[in-house]
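What the coordinates show
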Amino acid sequence: MKNYSSAKRILSLILSCAMAMGVMTACSGGTESSSSAAEGSSSAASESGSEAEGSESQAADGEEKVIRVCWWGNQTRNDVTTAALDLYTEQNPNVTFEVEFSDWSGYWDKLATQAAGGNMADIIQMDYAYLKQYQEQNLLEGLNKYIDDGTIDTTNIVDSIIQSGAIDGEVYAISLGTNAKAILVNNAALEAAGVEMPEQPTYNEFFEIAKKVTDATGMKFGIPSNDEQSMLFIARDRGLDFFNEDGTALGMPDDSVALTYFTMLKDTLDQGIHTEPEILAESSTNQLSLFASGDSWCEWTNSNMIVNTISQCPDDIDYSIVMYPTEEDAVQQPIFMKPSQFFSITTTSENKDEAAKVVDFFTNSIEANEILLGERGVPISTEVSNAIKDKLDPVSAAITEYIEKVSEVASENDPPFPAAAGEVGSLISDLADMVRYGEITPEQAASDFYEQANEILARGAEA
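Going by the annotation in an unreviewed UniProt entry, the name recorded for the chain is Extracellular solute-binding protein, with Candidatus Gallacutalibacter pullicola given as the source organism.

Set out below in structure tokens:
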């Protein structure tokens, strides 16, 4: 969440300056990464002219069209996305693509700069945490018209997934895959402790199992960098929204949710079943996770990240995937289906109709998804998901099976978070670390969180 906060502040500053000064000069979208992508794709990337001029001139003659597509990700994502775009060009020879990609942090800085310069790509990859901010700046095209006329076919997509990209009834983003929070469990550690893990334990059940596993194996567990998500789950347990409807304050009436979470952290550390903060801090800079190294018996994670974790583990590892815990007296199911990323069409695009067809292609083309193979999460179309099942590797197949189980019990996702949510997430992480290191009590951390988070949100609403 700390990266969210930094990039969001950059976006707000750039856009504010642009509007105040009336500066809307076009700036180049090219980067080293986007140049590499263009060189690596024979048919997907256009080499002629500036990006903005190329799109306008090609679209104007009603024949050839150049679509700019921008995303973040690793090399695997870049390769399969570019290959899918090549397939689109093969099927639609009048359409070619200019592709741009970056890592996570660089992506948002670049996108903010392009937004201020009026030079955004036709299709941009969007994240749930940024959706509302970009929509409020009138940078994202409404997609209801394309859904209503069938250009973007949602026939085989659960409505809640479509609504995950909606604000006030208008869809601004189409999910590229479905994820859910998950706990990856080492079954050998459970067997050594003589315990079994329920498909969704209560917190008390989980901590009892953790104590037995630590006693039997010495392995512990940790919740690195997921403090804000873990607190969110407790709020959802209690039927509470994390933020109020207009994003000007917390949706929780007091600090009891925060107190529960911070107390949970201290108690598990005191019991010796939670990984020491020094080890967590060190592991955050390592490529190998504590689960993969055998130092942790479980990993609290996102379902689409499990492929990478298991790839680091010994080939014979026996694992299972279970849902985040619930409180024993939970009033609702806290787990929800999470869009991994979205595709959005920008309001500045000169080729919106064609861009909508490309979004539909990623959503509904079985051929395209035989290339993508769920790299961004389980395909949102049930028809597509079923069609590619047999082509998945064992880990991806296990994740798909997990997502299917979650879909049977999941409750509705929270509304898009306000722009200041990133700063609130950083506050939670900072306070959690202070509790881990014994620098502050859970009671003081909860009180500070409630007071400071509301101040952050109120200040953000005034910006």
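More follows now that the structure is in view.
Observations regarding the nonpolar core
Residues Phe221, Phe242, Phe262, Trp297 and Phe449 are the most contacted members of the largest nonpolar core, which totals 74 residues. With seven residues, helix α20 (residues 421–436) is the single largest residue contributor to this core. If you look at the next biggest cluster of nonpolar residues, it comprises 35 residues, including Tyr88, Leu143, Ala166 and Val358.

Brief notes about helix α11 (residues 227–237)
Burial analysis of α11 places 11 of its 11 residues in the buried class, which makes it a mostly covered element. Buried residues in α11 make contact with β8 (181–186), α10 (203–217), α12 (256–270), β9 (298–302), α20 and α21 (442–462).

Some thoughts on the sheet that holds β8
Within the open sheet, the three strands sit side by side as β9-β8-β10. Their pairing is antiparallel. Two strands lie at the open edges of the sheet, namely β9 and β10 (319–322), each paired on one side alone. Ignoring which end each strand starts from, the neighbouring axes of this sheet average 25 degrees apart. Relative to β9, β8 is paired through five bridges, and the arrangement is antiparallel. Its bridge partner being in β9, isoleucine 183 is matched across the sheet by tryptophan 300. Each of β8 and β10 is contacted by helix α19 (residues 394–409), which is oriented at about 25 degrees to β10, the strand it contacts most.

Focus: the pattern of salt bridges
One pass over the structure, following the stated rule, counts 15 salt bridges. Between lysine 145 and glutamate 141 there is a salt bridge; the shortest N-O distance is 2.8 Å. Overall, the relative accessible area of 15% leaves glutamate 141 in the buried class. In this structure, aspartate 433 engages arginine 436 in a salt bridge whose closest nitrogen and oxygen atoms are separated by 3.1 Å. With aspartate 433 and arginine 436 both in helix α20 and three residues apart, this pair spans about one turn of that helix. On the basis of relative accessibility, which here comes to 8%, the residue arginine 436 falls in the buried class. A network of salt bridges, in which partner residues are shared, links Arg68, Glu100 and Lys110.

Quick notes on the confidence of the model for the chain
A low pLDDT score tells you not to read the predicted coordinates there in detail. Residues with a pLDDT of 70 or more make up 86% of the chain, whose mean pLDDT is 86. Low pLDDT, under 50, characterises residues 1–10; the predicted model gives this stretch 30 contacts beyond four residues in sequence or across chains. Within the model, pLDDT remains below 50 along residues 13–61, and this stretch shows 79 contacts once partners closer than five positions in the same chain are excluded.

Some details on the layout of surface pockets
Here the second largest pocket is characterised by a volume of approximately 1100 Å³. Lining the second largest pocket are 50 residues, and of these Ser160, Gln163, Ser164, Glu412 and Asn413 sit closest to its centre. With four residues, α19 is the largest single contributor of residues to the lining of the second largest pocket. Here the residues of the lining of the second largest pocket are counted per class, giving 20 nonpolar, 20 polar and 10 charged.

What counts as what
Throughout this description, residue numbers start from 1 for each chain and increase along the sequence as written. Thresholds applied to this predicted model are a pLDDT of at least 70 for local features of residues and 80 or more for the giving and counting of side-chain atom pairs; totals over whole chains, interfaces and linings are not thresholded and use all residues. In computing side-chain values, all of the structure's heavy atoms are included and hydrogens and water are not. Residues belong to a common nonpolar core when they are buried Ala, Val, Leu, Ile, Met, Phe, Trp, Tyr or Cys residues joined through side-chain atoms within 4.5 Å. In this scheme, a residue with accessible area under 20% of its type's maximum is buried, one over 50% is exposed, and one in between is partly exposed, where area comes from a 1.4 Å probe on protein chains only. Here a helix means four or more residues in a row that DSSP labels H or I, a strand means two or more in a row labelled E, and each is numbered from the N terminus. The contact criterion used is simple: two residues touch if any of their non-hydrogen atoms lie within 4.5 Å. Pairing between strands requires that DSSP locate at least two bridges from one strand to the other. Every axis corresponds to a line fitted to the C-alpha atoms, with the helix fit spanning only the stretch in contact, and the corresponding angles, defined between N-to-C directions, vary from 0 to 180 degrees. We count a salt bridge whenever a side-chain nitrogen from Lys or Arg sits within 4 Å of a carboxyl oxygen from Asp or Glu. Confidence scores labelled pLDDT are given residue by residue by the predictor and lie between 0 and 100. Note on definitions: the grid is 1 Å and covers protein atoms alone; a cavity is a set of points where a 1.4 Å probe fits but cannot get out; a pocket is an open set with protein on both sides within 12 Å along at least five of seven lines; lining residues have an atom within 4 Å of a point. Grid points are joined across faces, edges and corners, and a volume is the space filled by probe spheres set on the points. Here the term charged refers only to Asp, Glu, Lys and Arg, the term nonpolar to Ala, Val, Leu, Ile, Met, Phe, Trp, Tyr, Cys and Pro, and the term polar to all other amino acids, Gly among them.

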